[in-house]
Amino acid sequence: MNRRDEIAAGLAAVRTRVEAACRLAGRDVAGVTTVVVTKTFPASDVALLAELGVREVGESRDAEASAKAAELADLPLRWHFVGRLQSNKVRSVAAYADVVHSVDRTKLVAGLSRGAADRGAVIDCLVQISLDGDPSRGGADPDDVPVLAARIADADGLRLAGVMAVAPQGVDPADAFTRLADAAARLRTEHPGAAVVSAGMSGDLEQALAAGATHLRVGSAVLGSRPPLQ
Ligand SMILES: *Cc1c(COP(=O)(O)O)cnc(C)c1O
């Protein structure tokens, strides 16, 4: 099979899973956006995804993402930054990202806002929430979410779009995603427009959809297994 056919098959398989999970949950597939996470895969794969109709792509490392976004600037893609965001990478990420899923501390907000202004763009920001109280994995403590959300909502050039989480290891993803859904509902009482719930990856997208995820971040189920990250 050539690479284009492989990727098309991966996309079709994920679509079938999403449709089945939505049917089970009584949800409309139109309410679900699948972001294809392309980290470690070459720009040529991203170009094939675009040819196959994918418009939302995700990356988790700035150096790799900025190079791909520059190389593929002519394609009609929206770039989602889904990885841990280091303070010294914020301005670089803000130069190409349309959506940042991993805003987990107030320190990041000013840089994102300035970066959005430089570009004359509005960046959608998701508050990444830690569901296991382990800050090393990224994500804000649920108690810190209201203050962080207010900072984003008040910042020029940023739109508070919703929440994101990665299911912690060793925890039932269904429980984790239920806690995320609760946090999302609390956020919407203050910020009704913050409707995005980014949850669910190749291994747990069914549980995420059952719990109300609006955005999935799917890598290996579309593109194949990745070499281990260094
Ligand atoms: C890599 C990554 C994904 C995709 O993971 P798969 O298991 O390959 O689907 C999703 N979210 C984040 C934050 C990632 O870093």
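Just above sits the structure.
This text gives an overview of the structure that appears in the document.

## Here's the deal with the overall build of the protein chain
Tallying secondary structure elements over the protein chain gives nine helices and eight strands in all. Since a compact globule built from 230 residues should have a radius of gyration of about 17 Å, the 17 Å found for the protein chain is in line with a globular shape. Taken over 230 residues, the protein chain has a buried fraction of 49%. Counted over contacts in the protein chain with a minimum sequence separation of 6, partners at least 24 positions apart contribute 58%. Where the 26 positive side-chain charges of the protein chain centre and where its 29 negative ones centre are 2 Å apart.

## Section: the layout of surface pockets
In this structure, the largest pocket encloses a volume near 860 Å³. Along the walls of the largest pocket sit 33 residues, with Lys 39, Ser 60, Val 82, Val 166 and Met 201 positioned nearest its centre. By residue class, the composition of the lining of the largest pocket is 13 nonpolar, eleven polar and nine charged. Forming the boundary of the second largest pocket are 16 residues, of which Leu 11, Arg 15, Val 32, Thr 33 and Thr 34 lie nearest the centre. Where the lining of the second largest pocket is concerned, the elements lending two or more residues are helix H1 (3-25) and strand E1 (33-37).

## Topic: the site of the ligand
Lining the immediate environment of the ligand, one finds Val 37, Lys 39, Val 82, Met 201, Ser 202, Arg 217, Val 218, Gly 219, Ser 220 and Arg 226. Note that an oxygen atom of the ligand is positioned 2.6 Å from one of the side-chain N or O atoms of Lys 39. In the model, an oxygen atom of the ligand is placed 2.7 Å from a nitrogen or oxygen of the Arg 226 side chain. Protein burial of the ligand: of its 390 Å² of free accessible surface, 87% is covered by the chains. Its atoms largely coinciding with the cavity grid, the ligand occupies the largest pocket. Tallied by class, residues from the shell around the ligand come to four nonpolar, three polar and three charged.

## Quick word on empty space enclosed by the protein
Counting across every chain of the model gives one cavity of 30 Å³ or more. Forming the walls of the largest cavity are Gln 128, Ile 129, Ser 130, Leu 131, Asp 132, Arg 137, Gly 138, Val 166 and Pro 168. A breakdown of the residues in the lining of the largest cavity according to their chemical character gives four nonpolar, three polar and two charged.

## Details of the side chain of Asp 124
Relative to the helices and strands, Asp 124 resides in strand E5 (residues 123-128). Given a relative accessible area of 15%, Asp 124 falls into the buried group. Polar contacts involving the side chain of Asp 124 include one to the side chain of Arg 159, which spans 2.9 Å. The contact partners of Asp 124, leaving out residues within four places of it in the chain, are Arg 78, Asp 98, Val 99, Val 100, Arg 159 and Ala 161.

## A closer look at the side chain of His 80
Along the chain, His 80 turns up in strand E3 (residues 78-81). Those residues in contact with His 80 that lie beyond four places of it in its chain are Val 35, Glu 56, Val 57, Gly 58, Glu 59, Val 99 and His 101.

## Some remarks on helix H3 (residues 62-71)
For H3, the complete set of buried residues consists of Asp 62, Glu 64, Ala 65, Lys 68 and Ala 69. Here the buried residues of H3 occupy an arc of 160° about the axis, which is enough to place them on one side. Within H3, the exposed residues directed more than 90 degrees away from the buried face are Ala 63, Ala 70 and Glu 71. Here the buried face of H3 lies against helix H2 (43-51), strand E2 (56-59), E3 and helix H4 (90-94).

Calculation notes
- Residues numbered from 1 in each chain as written.
- Predicted model: local features only at pLDDT ≥ 70, side-chain atom pairs only at ≥ 80, totals over all residues.
- Heavy atoms only, no water.
- Helix = DSSP H or I, 4+ residues; strand = E, 2+ residues; numbered from the N terminus.
- Rg over C-alpha atoms; globule rule 2.2 N^0.38 Å.
- Buried < 20%, exposed > 50% of the residue type's maximum accessible area, 1.4 Å probe, protein only.
- Contact = heavy atoms within 4.5 Å.
- Lys, Arg positive; Asp, Glu negative; His and termini not counted.
- Charge placed at Lys NZ, Arg CZ, Asp CG, Glu CD.
- 1 Å grid on protein atoms, 1.4 Å probe; cavity = no way out; pocket = protein on both sides within 12 Å on 5 of 7 lines; lining within 4 Å.
- Points joined across faces, edges and corners; volume = space filled by probe spheres on them.
- Nonpolar A, V, L, I, M, F, W, Y, C, P; charged D, E, K, R; others polar.
- Near = heavy atom within 4 Å.
- Polar contact = N/O pair within 3.5 Å; in protein donor to acceptor, adjacent residues only side chain to side chain.
- Areas by Shrake-Rupley, 256 points an atom, 1.4 Å probe, with all protein chains shown as cover.
- Sits in = over half its atoms within 2 Å of the grid points.
- Arc of directions from axis to C-beta.

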